[in-house]
Amino acid sequence: MFLLPSTPLWDTSPPLKSSYDAVLIGGGLHSLATAYYLARDHGMTNVAILERRFIGYGGAGRNTAIVRANQRTQENVPLYQEALDLWPVLTRELDYNLMFYNCGNLNLCHSEAAVTAARMNIASAQFQGVGSEFLAPADVKRMVPALDVSDRPRHPIHGAMFHPPGGIVRHDAVVWGLAKGASEQGIHIHQQTEVTGIRAVDGKIQGVETSRGTINSPRVLLSAGGYSAGLSHRFLGVRLPISPLTIQAMVTQPLKPLLNHVVSSGAYHVYCNQTLKGEIATGAHMDPWPNYTTQTTAHYLKHQAEALTDILPCLRGVRFMRHWAGLADMTPDMAPIIDGNDPVEGYYLNCGWGYFGFKSCTSTGKYVAQYLATGERPEILEPFRLSRYKQHRLMGETAGAISYTPWN
Ligand SMILES: Cc1cc2nc3c(=O)[nH]c(=O)nc-3n(C[C@H](O)[C@H](O)[C@H](O)COP(=O)(O)OP(=O)(O)OC[C@H]3O[C@@H](n4cnc5c(N)ncnc54)[C@H](O)[C@@H]3O)c2cc1C
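Every residue gets a number counted from 1 within its own chain, in the order that chain's sequence is written. The predicted origin of the model limits local features to residues at a pLDDT of at least 70 and limits the giving and counting of side-chain atom pairs to 80 or more, whereas totals for whole chains, interfaces and linings rest on all residues.

Draft legend 1. Looking closely at the site of the ligand. To decide nearness, the C-beta atom of each residue is placed from the backbone, and the residue is near a molecule or strand if that atom lies within 6 Å of it. In the vicinity of the ligand lie 40 residues, with Gly28, Gly58, Gly225, Gly326 and Gly357 positioned nearest. The helix and strand labels rest on DSSP assignments: H or I over at least four residues marks a helix, E over at least two residues marks a strand, and numbering proceeds from the N terminus. When residues of the shell around the ligand are traced back to their parent elements, those giving at least two are α1 (29–42), β13 (243–252) and β17 (320–330). Ranked by residue count, the leading element in the shell around the ligand is α1, at three residues. Along the lines of polarity and charge, the residues of the shell around the ligand split into 19 nonpolar, 15 polar and six charged. Looking at the shell around the ligand, you find at least three residues from each of domain 1 (22–65 + 171–241 + 332–390) and domain 2 (105–164 + 244–330). Classification used: nonpolar for Ala, Val, Leu, Ile, Met, Phe, Trp, Tyr, Cys and Pro, charged for Asp, Glu, Lys and Arg, polar for all others including Gly. All the domain ranges listed were derived from an automatic or database domain assignment.

Draft legend 2. The sheet that holds strand β9 (residues 195–201), seen in detail. Here, a strand pair is defined by DSSP locating no fewer than two bridges between the strands. Strand order in this open sheet of three strands is β9-β10-β11, and the pairing throughout is antiparallel. Looking along the sheet, the strands with just one partner apiece sit at the ends: β9 and β11 (213–216). Each adjacent strand pair in this sheet contributes to an overall mean axis angle of 25°, direction not counted. Note: β9 against strand β10 (residues 204–210), six bridges, orientation antiparallel. Paired with Arg199 across the strands is Gly207, a residue of β10. The angle between two axes is taken between their N-to-C directions and runs from 0 to 180 degrees, where each axis is a line fitted to C-alpha atoms and a helix contributes only its stretch in contact.

Draft legend 3. Fine view of helix α5 (residues 171–184). With 14 residues, α5 extends 20 Å between its outermost C-alpha atoms, agreeing within 8% with the 20 Å of an ideal straight helix rising 1.5 Å per residue. A residue is called partly exposed when the number of other C-beta atoms within 10 Å of its own lies between 12 and 20, exposed at 12 or fewer, and buried at 20 or more, with C-beta atoms placed from the backbone. For α5, the buried fraction is high: 11 of the 14 residues fall into the buried class. Within α5 the residues assigned to the buried category are His171, Val174, Val175, Trp176, Gly177, Leu178, Ala179, Lys180, Gly181, Ala182 and Ser183. Structurally, α5 contributes buried residues whose contacts are with α1, α2 (77–94) and β8 (188–190). Of the residues trailing α5, Gly186 is marked for its positive phi of about 110°. Given the number of residues in a helix, its expected span is that number minus one, multiplied by 1.5 Å. C-beta atoms are first placed from the backbone for all residues, and any pair lying within 7 Å is then listed as a contact.

Draft legend 4. Main features of the environment of Val89. Summarising the element assignment, Val89 is placed in helix α2. The sequence separation of Val89 and Asp41 amounts to 48 residues, and the corresponding C-alpha distance is 15 Å.

Take a look at the structure:
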């Protein structure tokens, strides 16, 4: 009989103190990474992570684990690129296997217009030092033999943008590894502890109210994923231009290896990769209206089955085993809000990551930790200020995803 180790990876019941040097709201990727680097780089260990359910409950444990660095803009690429480089480093540092699988990402093009757009993306990626190249249909077929590159599919494949440095990382391992690393250095991780209010007097943060009592702290970081905008408005009256949008994903039954890369298609609105267990993990659908539901829909199962089997016909008859949903905290320009001391001193924000927040959590955590510890904004975070929306200086990470923004 096998026995699971009885010692948890991190301290699951530290004492709840009445005061901390910093309080991080949310037990997701960004709080965990920030806490880890606060301790490692700045010796700040009198820090609490407050999570209303359990760590990894939000997008951290629901995402499809895709990592890459070929974002569109010069402001965003450096964070994503550094994060890609950090996976193997952190695996060693945390002494915990994060299971980085550097399989590369293949973005399919289904029209000549898409090919032209991909070529522009490749040129700007290369200009920023990010590995990206164009593949003709025959090369796509060589790379992923299961793809149908004939003219039978509804949207025939005209080529692809290949990004070799990307891939997938095991998301649970990232949550557990960072929790282990933070806790070993003395950070307190309090699960089942809901933040019910943020206290500020004369424009300065004083601490938080929680379901387990009051905690004093001069610094509060809001990293509550899809819940961030609601909490910020409710607790401090600070409005954030973030729409919580439901995003769904699912996995098939386990199959023999057939997909060695992450494959995505804008025209079919689908992406997929094969997990180390052999399941095809697939997603992409996001409800176009803001809501907080994490319910799945039968409609999406049908869409996903039709889209996947049109480009990967060998998946016909394969069963979906699990289907889930989570919240994406989407901003009008699909770039995050990372800010501090505006409009309340000691109030820091790291949210609005949409469906990109897994891939960059480690590098961002490192810089947010520096910001919290020193009070000085690192240069790399400069473009992500909240005020950019009021100044109409949106970033170019998206073109038309702004119709649902509640910002006014
Ligand atoms: C289906 C799906 C697929 C995705 N795929 C990818 C992908 O392939 N690649 C990628 O890069 N990103 C992906 N993402 C996005 C990514 O998961 C998120 O951007 C990321 O998890 C955000 O991290 P976070 O720490 O900001 O928030 P989260 O991980 O969501 O954590 C926020 C935490 O705050 C807690 N909380 C909320 N309110 C309170 C409160 N009042 N008090 C205390 N705690 C509170 C929540 O319980 C939650 O645990 C996906 C997301 C989803 C849902």
